[in-house]
Amino acid sequence: MFGSNYYNHPQILMDSLKEMSGNKKNIKKKNSLILTFLQKTYLLIFGIPEIGFQLRSNYFRDMVSEKVKINKVKRILDAGSGIGIYTFWLSNKFNKSVVDGWEIDKNKLSFSEKFAKELKIENTNFTYGDVTKPSFKNKNKYDLIVNIDVLEHITDYKDVLKSFYKLLAKDGYLFIHTPQKNQKRIFKSLENWHHEGHVHEGFTPDELKKTMVDLGFSNIWVRETFGFFGKLAWELNHMILPKGFILLGISYPLLYLLSKLDLLMDNKRGLGTAILARKK
């Protein structure tokens, strides 16, 4: 599962739970050897235990693996690389390619650089990079650009998509994932749930596709993500979090299996959108 290679960094587990809860305060943890061992073991087996993250990752993996030919990709950009999860997956999948990670959070950037050395991964470069201000003096052209759950944080998102188009080589691919507008919840307790960092509620698949077409992209593949099964698993995951870590830990594997059903469905309406587009 995605994130299992972070097992030697159990704080990643606590950070993921903090992100799920929407609580910016540090989640206190006991510094016992037993608890640390359990956290490491859990991460190793299940990866980062957040349904939303795992489901997004699975859609990303499936679409890129199905549509993008490995031997055609020489350089990749993970725009908004965070702690490097997608960057490292890409560096393994496209192991003959160079993968650049751009990130504005300097703490995450520092961690990614150190972690790459820890994993002895040599085909990655992590750089401070603001996707709203890409440097066109850089001679690099990318065969694949990945941008996952970033656009909703950016006011002028169309300018960012235009910049990605310019950064792509001919026949290069852009993968994006974003939440959708007007999300309908299953459980009323989550009707008012939102992310503080979002400047856009989300985007409809049609408006994203139209923007892509207007920029000159072709071969645009669209998938609705977080349909009924994905949404149900995600909501239950969030509702169980306040009940305690033990219940959360026991329920997560079952919810993960439930969320995998989402990948088998032709969702007509989802909470998110995944798009893979090719530059002409």
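Residues numbered from 1 in each chain as written. Predicted model: local features only at pLDDT ≥ 70, side-chain atom pairs only at ≥ 80, totals over all residues. Heavy atoms only, no water.

**Student:** In this structure, what is going on with the pattern of salt bridges? I would like to understand it.
**Tutor:** Where charged atoms from two side chains of opposite charge approach closely, those side chains can pair. Within this structure, the stated rule accounts for eight salt bridges. Note that D100 and R75 form a salt bridge whose closest N and O atoms lie 3.0 Å from each other. Here the residue D100 occupies a position in strand β2 (residues 98-103), and R75 occupies one in strand β1 (residues 75-79), the gap between them amounting to 25 residues. Measuring nitrogen to oxygen at the nearest pair gives 3.6 Å for the salt bridge that ties K170 to D171. Its relative accessible area of 64% is what places K170 among the exposed residues. With a relative accessible area of 33%, D171 lands in the partly exposed category. (Salt bridge = Lys/Arg side-chain N within 4 Å of Asp/Glu carboxyl O. Helix = DSSP H or I, 4+ residues; strand = E, 2+ residues; numbered from the N terminus. Buried < 20%, exposed > 50% of the residue type's maximum accessible area, 1.4 Å probe, protein only.)

**Student:** Just checking my understanding: could you explain the packing of helix α3 (residues 51-67) against helix α9 (residues 245-260) for this structure?
**Tutor:** For any two helices packed against each other, the geometry is given by the interaxial angle and the distance between the axes. In the contact formed by α3 and α9, the axes pass within 10 Å of each other and the chain directions differ by 35 degrees. The handedness of the crossing between α3 and α9 comes out as right-handed. Residues I51, Q54, L55, N58 and R61 of α3 form the contact with α9, whose participating residues are Y252, L255, Y256, S259 and K260. In terms of residue class, the contact of α3 with α9 is made up of five nonpolar, three polar and two charged. (Axes fitted to C-alpha atoms, helices over the stretch in contact; angles between N-to-C directions. Left-handed = near helix turned anticlockwise from the far one by under 90°. Contact = heavy atoms within 4.5 Å. Nonpolar A, V, L, I, M, F, W, Y, C, P; charged D, E, K, R; others polar.)

**Student:** When you look at the sheet that holds β2 in this model, what are you seeing that I'm missing?
**Tutor:** Taken together, seven strands build an open sheet; the order of strands is β3-β2-β1-β4-β5-β7-β6 and the sheet is mixed. Only two strands of the sheet have a single partner each, and these edge strands are β3 (124-128) and β6 (217-225). The average angle at which neighbouring strand axes cross in this sheet is 15 degrees, direction not considered. Two strands pair when backbone bridges link them, and β1 and strand β4 (residues 142-148) are joined in this way by three bridges, in the parallel orientation. Note that in β4 the partner of D78 across the bridge is V146. Lying on the sheet, α3 is in contact with β4, β5 (168-179), β6 and β7 (272-279); it crosses β6 at an angle near 145 degrees. Contacts from helix α5 (residues 106-119) reach β2 and β3, with the element oriented near 160 degrees to β3. (Pairing = 2+ DSSP bridges.)

**Student:** Whenever I open this one, the pairing of β1 confuses me. Can you help?
**Tutor:** Side chains on a regular strand alternate between the two faces of the sheet. Within β1, four of the five residues are buried, which leaves the element mostly enclosed by the surrounding structure. Relative to β2, β1 is paired through five bridges, and the arrangement is parallel. Paired with A79 across the strands is W102, a residue of β2. Traced from β1 through helix α4 (residues 85-93) to β2, the parallel crossover comes out right-handed. (Right-handed = clockwise from strand over helix to strand, strands pointing away.)

**Student:** Please clarify how the packing of aromatic side chains should be interpreted in this entry.
**Tutor:** The description of an aromatic ring pair uses the distance of the two centres, along with the angle that the planes make with each other. Across all of its chains, the model carries 18 aromatic pairs by this definition. Of note, K279 hangs over the ring of Y165, and the distance from its end group to the ring centre comes to 4.6 Å. (Phe/Tyr/Trp six-rings, centres within 6.5 Å; stacked < 30°, edge-to-face > 60°. Lys NZ or Arg CZ within 6 Å of the ring centre and 35° of its normal.)

**Student:** Can you help me understand the side chain of N267 in this one?
**Tutor:** Following the sequence through the fold, N267 ends up in the loop between α9 and β7. A polar contact is formed between the side chain of N267 and the side chain of D262, at a distance of 3.3 Å. Apart from residues lying up to four places away in sequence, N267 is in contact with Y59, E224, T225, F226, G227, F228 and D262. (Polar contact = N/O pair within 3.5 Å; in protein donor to acceptor, adjacent residues only side chain to side chain.)

**Student:** Help me understand the environment of T211 in this model?
**Tutor:** Mapped onto the secondary structure, T211 falls in helix α7 (residues 205-215). Accessibility expressed as a relative area gives 8% for T211, which makes it buried. Expressed as a C-alpha distance, the spacing of T211 and L161, which sit 50 residues apart in the sequence, is 8.3 Å. When neighbours within four sequence positions are excluded, T211 is seen to be in contact with Y157, K158 and L161. One polar contact links the side chain of T211 to the main-chain carbonyl oxygen of E207, over a distance of 2.9 Å.

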